[in-house]
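# Report on the structure
Next come the chains, spelled out residue by residue.
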Amino acid sequence: AVTGTGAARSAGTVRAVTGFLTISVGAALLVPLVTRGSYEALVRTRWRWTSLFVAGLVLQLVSEHLPHPGGHDLGFGALMAGEALLLAFCLRNLVHRGVVVVALGITCNAVAIGVNHGMPVDVPAAWERTGGMATTVKHHPRTSDDRLTWLGDTMYLRVTDEVLSVGDLVLAFGLLDVSFHASRRRRRRSDQARAATTKSNASSTRSSSSSRTLSRS
């Protein structure tokens with residue numbers, strides 16, 4: 001997704017944290033409350049290779065600010081490395097339900113960025129009237145040379161003044177899915193064993209009662 005005021009876009013700078021991303025994360029954090037889940041279970045969820053996640057985010061943020069004499073190669077390399085690290089983090093944590101959806105969203109965006117050396121953006125008419133949009137490491141106005149443009153930023157969201165991609169929508173749904181399943185209360189093994197023992201004893205008691213009744217008759 002790409003967003004920003006007309007002045008910011010014409011200057012070639014965009015906000016790294018978009019309104020849609022903020023809304024998506026906020027909605028994911030509300031999922032346990034709305035669905036009667038457990039924030040404790042959500043916080044206790046064990047994530048592996050979190051260093052990859054942090055490194056991926058850092059590379060995404062700094063890619064726009066790296067020096068680029070003669071082009072955006074250094075920044076683009078950092079951008080793609082960040083996408084790869086985020087995807088690797090997701091693949092390592094596929095054991096958690098919903099992470100596969102997040103990985104799919106990241107992959108969609110990474111493919112669009114990779115094949116076009118940046119995310120192609122369908123510039124809305126409202127942006128054109130206020131200065132258009134300059135090319136950055138991560139985004140550029142769509143051209144006839146771009147490929148797989150259906151994966152690019154094509155959906156204008158007026159309420160947050162930004163353009164979204166298919167990958168952004170998939171990623172947002174994935175965050176909700178992860179939050180829902182991660183916030184379900186998990187029964188401890190001891191509790192499960194105790195419940196199983198109680199159920200077994202109850203069944204044995206019923207069987208014994210039935211046997212005595214048949215014997216008396």
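Residues numbered from 1 in each chain as written. Predicted model: local features only at pLDDT ≥ 70, side-chain atom pairs only at ≥ 80, totals over all residues. Heavy atoms only, no water.

We now examine the overall build of the protein chain. Each helix and strand in the protein chain was counted, giving nine helices and five strands. The helix and strand sequence of the protein chain, counted from the amino end, reads β-α-α-α-α-α-α-β-α-β-β-β-α-α. For the protein chain, the accessible area works out to roughly 12900 Å², and carbon and sulfur atoms hold 62% of it. (Helix = DSSP H or I, 4+ residues; strand = E, 2+ residues; numbered from the N terminus. Areas by Shrake-Rupley, 256 points an atom, 1.4 Å probe, with all protein chains shown as cover.)

This next bit is on the pairing of strand β5 (residues 162–165). Burial along β5 is two-sided: the residues Glu162 and Leu164 and Val163 and Ser165 are all buried. The antiparallel pairing of strand β4 (residues 153–157) with β5 creates a hairpin that spans four residues between the two strands, and Asp161 there sits at a positive phi of about 55°. (Buried < 20%, exposed > 50% of the residue type's maximum accessible area, 1.4 Å probe, protein only. Pairing = 2+ DSSP bridges.)

Turning our eyes to something else, we now look at the environment of Leu94. Within the fold, Leu94 resides in the loop between α5 (73–92) and α6 (99–116). Taking relative accessible area as the criterion, Leu94 reaches 41% and is therefore assigned partly exposed. Counting along the chain gives 47 residues from Leu94 to Trp47, while the straight-line C-alpha distance between them is 10.0 Å. If near-sequence neighbours (up to four positions away) are discounted, Leu94 is found in contact with Val99 and Val100. (Contact = heavy atoms within 4.5 Å.)

Glancing now at the environment of Val101. Note on placement: Val101 falls in helix α6. You can call Val101 buried: its relative accessible area is 18%. Between the alpha carbons of Val101 and Val178 there is a distance of 8.7 Å; along the sequence they are 77 residues apart.

The next thing to look at is the environment of Met80. Here Met80 lies in helix α5. In sequence terms Met80 and Leu59 are 21 residues apart; their C-alpha atoms lie 8.6 Å from each other. Setting aside residues up to four positions removed in sequence, Met80 forms contacts with Ala110, Ile113 and Gly114.

Here the focus is the side chain of Ser63. Along the chain, Ser63 turns up in the loop between α4 (50–62) and α5. Of the polar contacts made by the side chain of Ser63, one reaches the backbone oxygen of Gln60; its length is 3.0 Å. Non-local contacts of Ser63, meaning those with residues more than four positions away in its chain, are made with Gly75, Ala78, Leu79 and Val137. (Polar contact = N/O pair within 3.5 Å; in protein donor to acceptor, adjacent residues only side chain to side chain.)

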